[in-house]
Amino acid sequence: MIDVTPLYAAFKSAGMTVVASWSPSNGSATQSADVLFDMPDSQILDMTINTGYLISYPSTLFPGLEHGENIKVNGEDYFVREVTRIDDGAITQATLSKH
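For every chain, the first residue of its written sequence is number 1, and the numbers climb from 1 along that sequence. Since the coordinates come from a predicted model, pLDDT governs what is reported: local features require at least 70, and pairs of side-chain atoms require 80 or more to be given and counted, while whole-chain, interface and lining totals use all residues. The side-chain quantities take in all heavy atoms of the structure and omit both hydrogens and water.

**Things to note about the sheet that holds strand β8 (residues 91–98)**
Line of reasoning, step 1. The strand order around the closed barrel formed by six strands is β1-β2-β5-β8-β7-β6, and the pairing between neighbours is antiparallel. Across the sheet, the mean angle from the axis of one strand to that of its neighbour is 45°, orientation sign disregarded.
Line of reasoning, step 2. For two strands to be treated as a pair, DSSP must find at least two bridges joining them. Helix and strand definitions follow DSSP, with helices as H or I runs of at least four residues and strands as E runs of at least two, each counted in order from the N terminus. Bridge count for strand β2 (residues 31–38) against strand β5 (residues 53–58) is three bridges, and the pairing is antiparallel. The residue bridging D38 from the neighbouring strand is L54, located in β5. Fitted lines through C-alpha atoms serve as axes, helices being fitted only where they are in contact, and the angles separating the N-to-C directions of these axes extend from 0 to 180 degrees.

Dropping the structure here:
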């Protein structure tokens, strides 16, 4: 597994990240980190409809984040629908939905 931390530091320097904060449901301390945030849209009959939210971050961050947890991204609350490690496991993606 490669270290993607420098890559995410470059994303932050370029202004491509937002802050995500997670307070684990087990009562552990709140964790915050810079993440990539995607808000995919769909075009239907000339209307844009949002179809989901996704954050990507180094897998070393947010240990224990799983389905059913709540997370704040860029100041807004989301529900974690799915957490998946991608490629060699160095990056994790969490699919979210708005509360």
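**Focus: the nonpolar core**
Line of reasoning, step 1. We define the nonpolar core as a collection of buried residues of types Ala, Val, Leu, Ile, Met, Phe, Trp, Tyr and Cys that are connected through side-chain atoms lying within 4.5 Å of one another. Residue exposure (1.4 Å probe, protein chains only): buried if accessible area is under 20% of the type maximum, exposed if over 50%, otherwise partly exposed. Core analysis: the largest hydrophobic core is formed by 17 residues, its most contacted members being F37, I55, F62, L65, I71, V73 and L96.
Line of reasoning, step 2. At the level of secondary structure, the elements contributing two or more residues to this core comprise β1 (18–22), β2, β5, β6 (70–73), β7 (76–86) and β8.
Line of reasoning, step 3. Not counting residues within four places of it along the chain, the set of residues in contact with F37 comprises V18, Y53, L54, I55, V73, Y78 and L96.
Line of reasoning, step 4. Grouped together as the second largest cluster of nonpolar side chains are six residues, V4, F11, L36 and I91 included. Contact definition: two residues touch when any of their heavy atoms are within 4.5 Å.

**Some details on the side chain of T17**
Line of reasoning, step 1. By secondary structure assignment, the location of T17 is in the loop between α1 (5–13) and β1.
Line of reasoning, step 2. Setting aside chain neighbours within four positions, we find T17 in contact with Y8, F11, K12, D34, V35 and L36.

**A closer look at the pattern of salt bridges**
Line of reasoning, step 1. Any Lys or Arg side-chain nitrogen found within 4 Å of a carboxyl oxygen on Asp or Glu counts as a salt bridge. Summed over all chains, the structure comprises three salt bridges.
Line of reasoning, step 2. Close ionic contact of D34 with K12 constitutes a salt bridge, the shortest N to O distance being 3.2 Å. In this pair, D34 is assigned in strand β2 and K12 in helix α1, connecting sequence segments 22 residues apart.
Line of reasoning, step 3. The residue K72 makes a salt bridge to D77 at a minimum N-O spacing of 3.2 Å.

**Observations concerning the environment of S97**
Line of reasoning, step 1. Mapping S97 onto the fold places it in strand β8.
Line of reasoning, step 2. Considering only alpha carbons, one finds S97 and Y78, 19 residues apart in sequence, at a separation of 5.5 Å.
Line of reasoning, step 3. Discounting chain neighbours no more than four positions away, the residues touching S97 are Y53, Y78, F79 and R81.

**Looking at the packing of aromatic side chains**
Line of reasoning, step 1. Only rings of Phe, Tyr and Trp enter the pairing, Trp through its six-membered ring, and a pair is recorded when the two centres are within 6.5 Å. The plane angle decides the type: under 30 degrees is stacked, over 60 is edge-to-face, the rest tilted. Counting across every chain of the model gives six aromatic pairs.
Line of reasoning, step 2. On the basis of an interplanar angle of 80° and a centroid distance of 5.3 Å, the ring pair of Y8 and F11 is categorised as edge-to-face. Residue Y8 and its partner F11 are located together in helix α1, separated by three residues, close to a single helical turn.
Line of reasoning, step 3. Y8 sits in the buried class, given a relative accessible area of 6%.
Line of reasoning, step 4. With 5.7 Å between their ring centres and 70° between their planes, F37 and Y78 make a pair best called edge-to-face. Of this pair, F37 sits in strand β2 while Y78 sits in strand β7, placing them 41 residues apart in sequence. Grouping residues by exposure puts F37 and Y78 together as buried.

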